[in-house]
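# Residue-level structure breakdown
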Amino acid sequence: MGKLFGTDGIRGVVGENLTADLAFQVGQAVGTVLMEEKGERPTVVLGKDTRISSDMLEAALIAGLCSVGADVKPVGDIPTPAVAYLTRQEKADAGIMVSASHNPYEHNGIKVFNGQGYKLSDALEERVEEKILSHTPMTLKTRGELGRRHHGMKQLKRDYIDFVASTVDADLSGLRILVDCANGAASATAPELFGRFKAHTVFLHRTPDGVNINDRCGSTHLEDLAAQVVAGGYDIGVAFDGDADRCLLVDETGGIIDGDKVMAVCALDMKRRGILRGNAIVATVMSNLGLHEFCRNHGIDLACTAVGDRNVLEEMIRQDFRIGGEQSGHTIFTALETTGDGQVTALQFLRVLSQSGKKASELTSVCTAYPQVLVNVEVPHSGGVKEKIMASQELAEAVKQQEAALNGEGRVLVRASGTEALIRVMVEAKTNEIAHNTADFLVSLIKSLKF
């Protein structure tokens, strides 16, 4: 992992470790690397989510890019996968998204896509980092060589909505849907998108004010959506995160439909239609044992990667598989897109639900979930504490002992977050009590470690 780029781009608290000056330098460095690669003026598609800091970082990136001769097509508030899609459509050399996804509003991030709509390679990230961290002067342009900011980009947002709508061949009529936009990027696209279908759709949390993104709403806070689905008699609830690359759902009883269940339902439908290439799902080590059991029961292969949608996508491309994702709601359909897209995921699931004639709870019952406990342990941002904890022999031995005590009827996973100052402890077991007791023991141990 680089000094600036984490597992999902550059992340930080704005005004602390993510500043307008850094964004300006990132713009210059990305523009310079693209110029070196192309040998002529590059073009960059630039999007952002609804955080109060996104306008500032967008402006700094534009200034940095234009100062080294790159043209910019800013598309405003828009989901992250839209930037990947529009980068390809416009034959741009790169796409940049300003977002911290599901994180609180004070955080933000900078994610870079290459011209094919995939996340920037490690090698290119390292070149961008080297130009910033080495403080090597970059060649500034002047006169007619300065980059241009393109205007009139509203049509590009409509192009993206057109594309997402085209990914399903059903009108969804008869469904009553409640959609939570997380006061984020989906607020700019979901109302028009869902309005193109015949379902009865109502929207929650679609009035962003810069500081309410992901605030007790969206895919990381499903309580309000679940309660209103039940109270309003809806068939299904749909929740996006701040940049709408994730989608989780709730069934008519308020039960959570996580990414594992979404993949199970969609993969089974794809298998029935003969389009589940490789007869496989790609998931991560965080996926519930219930998904493993589902795959065994339905004759589907399951490939597991390290945590991160980037790792999932790399495995899907390597094996030419068609569906993969994370329990947290990143689901990737490689026949449709180059990255996870919450709105595409929602429509794929809703199409299956609409055509099945079943209730959502019945549809998802094919994939039962083992009791799972996930605890996030906060650690200091500085001093390499995350790394020291993960290198602790005492912790490694404790994890080994606790997993052995589960006798093959559960598992333990402890990992450092790639984007936040957190150690994540995940335990699955036969009962909630066993899972909680195991997790509590490990959390206490982590908190007791001194460095």
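Please refer to the structure placed before this passage.
These lines cover the structure that appears in this document, whether it is placed above or below. (Residues numbered from 1 in each chain as written. Predicted model: local features only at pLDDT ≥ 70, side-chain atom pairs only at ≥ 80, totals over all residues. Heavy atoms only, no water.)

Turning to the overall build of the chain, a few remarks are in order. In terms of helices and strands, the chain carries 15 helices and 17 strands. Over its C-alpha atoms, taken along the principal directions, the chain stretches across nearly 70 × 60 × 40 Å. Across the 451 residues in the chain, those meeting the buried criterion constitute 58%. Contacts in the chain between residues at least 24 apart in sequence constitute 71% of all its contacts with a sequence separation of at least 6. (Helix = DSSP H or I, 4+ residues; strand = E, 2+ residues; numbered from the N terminus. Buried < 20%, exposed > 50% of the residue type's maximum accessible area, 1.4 Å probe, protein only. Contact = heavy atoms within 4.5 Å.)

Turning our attention to the pattern of salt bridges. Considering all chains together, one arrives at 30 salt bridges under this definition. Between Glu125 and Arg310 there is a salt bridge, with the nearest N and O atoms lying 3.4 Å from each other. In this pair, Glu125 sits in helix H4 (residues 122–133) while Arg310 sits in helix H10 (residues 309–319), placing the two residues 185 residues apart along the sequence. Here Glu125 falls in the buried class, since its relative accessible area comes to 9%. A relative accessible area of 15% means that Arg310 is categorised as buried. Three or more residues are tied together by salt bridges with common partners; here these are Asp8, Arg11, Lys111, Lys119, Asp245 and Asp309. (Salt bridge = Lys/Arg side-chain N within 4 Å of Asp/Glu carboxyl O.)

To continue, consider the layout of surface pockets. Space inside the largest pocket adds up to approximately 1,400 Å³. As for the largest pocket, its lining consists of 45 residues, and the residues nearest its centre are Arg246, Ser328, Leu374, Asn376 and Arg424. Looking at the lining of the largest pocket, the elements with two or more residues in it are H10, strand S15 (372–378) and strand S17 (422–428). Top contributing element to the lining of the largest pocket by residue count: S15, with 5 residues. Across the lining of the largest pocket, the residue classes tally to 13 nonpolar, 20 polar and 12 charged. Taken as a whole, the second largest pocket spans an internal volume of roughly 700 Å³. Taken together, 29 residues make up the lining of the second largest pocket; nearest its centre are Arg11, Asn17, Lys386, Gly418 and Thr419. Looking at the lining of the second largest pocket, the elements that each hand over two or more residues are strand S1 (10–13) and helix H13 (385–390). Here the lining of the second largest pocket is built from residues that sort into 12 nonpolar, 11 polar and 6 charged. (1 Å grid on protein atoms, 1.4 Å probe; cavity = no way out; pocket = protein on both sides within 12 Å on 5 of 7 lines; lining within 4 Å. Points joined across faces, edges and corners; volume = space filled by probe spheres on them. Nonpolar A, V, L, I, M, F, W, Y, C, P; charged D, E, K, R; others polar.)

Here we take up the pairing of strand S12 (residues 301–305). Two strands pair when backbone bridges link them, and strand S11 (residues 280–284) and S12 are joined in this way by 5 bridges, in the parallel orientation. Within S12, the residue paired with Thr284 across the bridge is Thr305. Once you follow S11 into helix H9 (residues 289–297) and on to S12, the crossover reads as right-handed. (Pairing = 2+ DSSP bridges. Right-handed = clockwise from strand over helix to strand, strands pointing away.)

Turning next to unusual backbone geometry. Within the chain, Lys91 stands out as a residue other than glycine whose phi angle is a positive 55°. Along the chain, Lys91 falls in the loop between helix H3 (80–89) and strand S4 (94–98). Positive phi, close to 65°, is recorded for Leu172, a residue that is not glycine. Of note, Leu172 is situated in the loop between helix H5 (154–166) and strand S6 (176–180).

Each pair of packed helices can be described by the angle between their axes along with the distance between the axes. Between helix H8 (residues 259–272) and helix H11 (residues 342–356), the shortest axis-to-axis distance is 10 Å and the interhelical angle comes to 60°. Regarding the angle of H8 to H11, the classification is oblique. In this structure, H8 meets H11 at a crossing whose hand is left-handed. Contacts from Val262, Val265, Cys266 and Asp269 of H8 reach H11 at Thr345, Gln348, Phe349, Arg351 and Val352. Within the contact of H8 with H11, the residues separate by chemical class into 5 nonpolar, 2 polar and 2 charged. (Axes fitted to C-alpha atoms, helices over the stretch in contact; angles between N-to-C directions. Parallel < 35°, antiparallel > 145°, perpendicular 65-115°, else oblique. Left-handed = near helix turned anticlockwise from the far one by under 90°.)

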